[in-house]
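# Descriptive structure summary
Chain by chain, the residues:
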Amino acid sequence: MGVLQAAWLIARKDLTVELRSRELIYTAVFFALSCLLVFAFAFVGERTVVENAPAGILWVTTIFAASLALGRTFERERQADTLRALLLAPIERPSIYLGKLLSLLILLFGIQVVVVPLVGLLFGAPIFRAPLLLGGLLLLGTVGFAAVGTLFAAMLQRASSRDVLLPVVLYPVTLPAILGGMQGTLWVLAAEPNYELARTWLAMLVFFDAVFLTLALWTFAPVTSE
Amino acid sequence: MKDMSGSDRVPTILLSVAGLMLAASPWVIDTAPYEATMGLVQRIFYYHFPIAMTMMVAAIVCGIASAIYVFRRTERADHVAVAAAEMASLFGLLVLITGPLWARKSWGVWWVWDARITSTFIMWMVFNAYLLLRRFGGPGSEVLSAAVGFFGMVLVPFIYWSVNLWRTLHPNTTVVPTLPVSMGIPLYYCWIAFTLLFVGLMVLRARLERSRVLVERAWRAVEE
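Notes on the structure in this doc start here. (Residues numbered from 1 in each chain as written. Chains lettered and ligands numbered in written order. Predicted model: local features only at pLDDT ≥ 70, side-chain atom pairs only at ≥ 80, totals over all residues. Heavy atoms only, no water.)

## Some points on the packing of aromatic side chains
- Tallied over the full model, the rule gives 23 aromatic pairs over all chains.
- Taken together, a centroid distance of 5.5 Å and an interplanar angle of 85° make the contact between B:Phe49 and B:Trp191 edge-to-face. One end of the pair, B:Phe49, is in helix H3 (residues 45-72); the other, B:Trp191, is in helix H7 (residues 181-223), and 142 residues separate them in sequence.
- Here the basic side chain of A:Lys100 rests over the ring of A:Phe74, its NZ or CZ set 5.0 Å away from the ring centre. (Phe/Tyr/Trp six-rings, centres within 6.5 Å; stacked < 30°, edge-to-face > 60°. Helix = DSSP H or I, 4+ residues; strand = E, 2+ residues; numbered from the N terminus. Lys NZ or Arg CZ within 6 Å of the ring centre and 35° of its normal.)

Now the structure itself:
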């Protein structure tokens with residue numbers, strides 16, 4: 001079986017499990033909504049939103065919801081005691097990583113489909129100004145964050161107090177991707193948009209994603225072996 | 001345990017020399033010319049810069065040792081990595097204390113979100129994450145923290161690059177080679193002192209870690 005084919009099988013398994021319970025998508029989306037609510041008290045002044053706040057609101061909400069989802073995807077395998085079975089399966093280790101990453105990304109895009117329009121609606125962000133650029137920034141930023149996130153979540157499965165440690169470890173390391181996504185989005189949504197800068201950040205994100213993915217694929221096998 | 005007698009003196013000598021050099025450093029720094037615009041507070045630079053460089057070296061040592069541990073599982077590399085991570089955390093804390101003291105006087109603010117300061121802060125966070133993971137991760141967390149150390153080191157240039165694109169204000173790196181000799185001598189003097197301190201502490205800490213592992217192993221053997 002090819003690496004990509006096995007990865008797709010794992011992703012499809014995860015998505016089927018998720019579709020049956022809808023646990024992650026419901027909880028993560030509701031958590032994102034709570035975040036938006038909290039941000040409203042911080043960034044909404046006299047009926048208007050603080051300048052440039054929507055990009056930050058969008059990304060912080062996404063990252064918080066993503067951390068929640070990240071912890072759960074592997075927690076599920078641990079609870080059912082299927083992680084060992086998965087690791088023992090006669091497939092290449094990178095395909096497990098890729099499958100997990102793929103299912104997680106599909107889930108995160110599902111959350112963003114709800115969060116992005118809400119940021120536009122509740123905070124008056126012009127999300128349709130440059131839809132392709134914004135979509136690209138969201139996609140690439142999320143891929144960068146999730147690429148490292150999947151690796152660390154897999155690693156931390158065997159660690160105690162993993163729920164606390166995952167964000168502690170993940171945020172500083174994935175900062176280039178978060179920074180790129182946030183800054184690019186900021187320039188798209190700003191009162192005076194600067195598409196030139198947004199495109200520069202998009203290009204940086206392509207580069208970061210390539211580095212993150214390569215490093216994660218490289219280290220996944222050694223850190224998950226006993 | 002076998003090599004204790006001979007190499008035992010190495011960290012003692014290193015730390016003694018570093019201690020003496022640092023104790024004498026105020027007099028050496030005093031020989032440097034008085035910086036006209038910043039005055040007395042500029043002298044913190046003779047500590048700030050060498051400490052920052054030592055932190056960088058500690059981060060690189062931790063990254064390389066972690067990579068070796070992740071891919072080869074050499075125990076000695078893990079002991080070096082944990083020692084270096086603690087050094088990176090310690091020297092990083094010193095950088096983040098001396099920096100604001102200087103900034104308050106010369107820029108008028110305690111903290112500025114400029115490229116180098118922000119990347120130093122992020123790097124310090126990465127190595128603190130390494131230590132937290134190791135301390136609270138439970139059994140087997142050595143490999144996990146090693147992956148963080150490896151990632152941290154590889155990402156240093158990318159973190160710097162991305163933050164640099166975000167903003168820039170810090171004095172340029174080229175300041176060191178162009179310093180007048182009278183300022184250069186105390187700077188290199190302090191740099192050597194801090195490097196000796198770093199190496200001495202590293203050797204001690206790595207040895208302590210090795211002993212800790214041996215004791216733990218012996219204890220487990222007794223229990224079984």
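## Re the nonpolar core
- The biggest cluster of nonpolar side chains holds 137 residues, and the ones touching the most others in it are A:Leu151, A:Phe152 and B:Phe151.
- Looking at which element gives the most residues to this core, the answer is helix H6 (residues 131-156) of chain A, with 16 residues.
- Ignoring anything within four residues of it in the chain, the contact list for A:Leu151 reads A:Tyr97, A:Ala216, A:Thr219, A:Phe220, A:Val223 and B:Phe151. (Core = buried A, V, L, I, M, F, W, Y, C linked by side-chain atoms within 4.5 Å. Buried < 20%, exposed > 50% of the residue type's maximum accessible area, 1.4 Å probe, protein only. Contact = heavy atoms within 4.5 Å.)

## Brief notes about the packing of helix H3 (residues 53-79) of chain A against H6(A)
Residue and element names in this part refer to chain A.
- Direction vectors running N to C along H3 and H6 enclose 35°, while the axes themselves pass 10 Å from each other. Pair H3 / H6 crosses with right-handed handedness. Residues Leu-58, Trp-59, Ile-63, Ala-66, Ser-67, Leu-70 and Phe-74 of H3 pack against Leu-137, Leu-138, Gly-141, Thr-142, Phe-145, Gly-149, Thr-150, Ala-153 and Ala-154 of H6.
- Among the residues forming the contact of H3 with H6, the class breakdown is 11 nonpolar, 5 polar and no charged. (Axes fitted to C-alpha atoms, helices over the stretch in contact; angles between N-to-C directions. Left-handed = near helix turned anticlockwise from the far one by under 90°. Nonpolar A, V, L, I, M, F, W, Y, C, P; charged D, E, K, R; others polar.)

## With respect to the layout of surface pockets
Residues and elements named next belong to chain B.
- The space that makes up the second largest pocket amounts to roughly 560 Å³.
- Forming the boundary of the second largest pocket are 23 residues, of which Arg-134, Glu-142, Glu-209, Arg-212 and Glu-216 lie nearest the centre.
- Per-element tally for the lining of the second largest pocket: the top contributor is H7, with 7 residues.
- Split by residue class, the lining of the second largest pocket holds 7 nonpolar, 4 polar and 12 charged. (1 Å grid on protein atoms, 1.4 Å probe; cavity = no way out; pocket = protein on both sides within 12 Å on 5 of 7 lines; lining within 4 Å. Points joined across faces, edges and corners; volume = space filled by probe spheres on them.)

## Re the interface of chain A and chain B
- If you look at the interface, chain A gives 33 residues, while chain B gives 28 residues.
- Taken together, the two surfaces of chain A and chain B that pack against each other cover about 2,600 Å², and 84% of this comes from carbon and sulfur.
- Contact with chain B buries surface across chain A, with A:Pro172, A:Val173 and A:Leu215 losing the most and accounting together for 17% of the total.
- Put simply, chain A and chain B have 0 salt bridges between them.
- Inspection of the region where chain A meets chain B yields 2 residue pairs in polar contact (both at pLDDT 80 or more).
- Elements represented by at least two residues in the side of chain A that touches chain B include exactly H6, helix H7 (162-173), helix H8 (175-189) and helix H9 (195-224) of chain A.
- Sort the elements by how many residues they give to the side of chain A that touches chain B and H9(A) lands first, with 13 residues. (Buried area = accessible area lost by both parts, 1.4 Å probe. Salt bridge = Lys/Arg side-chain N within 4 Å of Asp/Glu carboxyl O. Polar contact = N/O pair within 3.5 Å; in protein donor to acceptor, adjacent residues only side chain to side chain.)

## Section: helix H5 (residues 93-123) of chain A
Residue and element names in this part refer to chain A.
- For H5, built from 31 residues, the straight-helix expectation of 45 Å at 1.5 Å per residue is met to within 8% by its first-to-last C-alpha distance of 43 Å.
- The largest bend in H5 comes to about 25°, at Gln-112.
- Looking at the residues trailing H5, positive phi occurs at Gly-124, about 65°. (Expected span 1.5 Å × (residues − 1). Bend = angle between axes of the 7 residues up to and from the residue.)

## What to know about the pattern of salt bridges
- Applying the stated criterion to the full structure yields 17 salt bridges over all chains.
- Across the salt bridge formed by A:Arg76 and A:Glu23, the nearest N and O atoms sit 3.2 Å from each other. Remark: A:Glu23 occurs in helix H2 (residues 23-43) and A:Arg76 occurs in helix H3; sequence separation between them is 53 residues.
- B:Arg134 serves as the salt-bridge partner of B:Asp78, at 3.0 Å between the closest nitrogen and oxygen. Taken together, the residues span a long stretch of sequence, with B:Asp78 in helix H4 (residues 75-106) and B:Arg134 in helix H5 (residues 115-136) at a distance of 56 residues. For the pair shown, B:Asp78 and B:Arg134 are each scored as buried.
- A network of salt bridges, in which partner residues are shared, links B:Asp78, B:Glu86, B:Arg134, B:Arg205, B:Glu209, B:Arg212, B:Glu216 and B:Arg220.

Taken by themselves, the reported measurements are silent on function.
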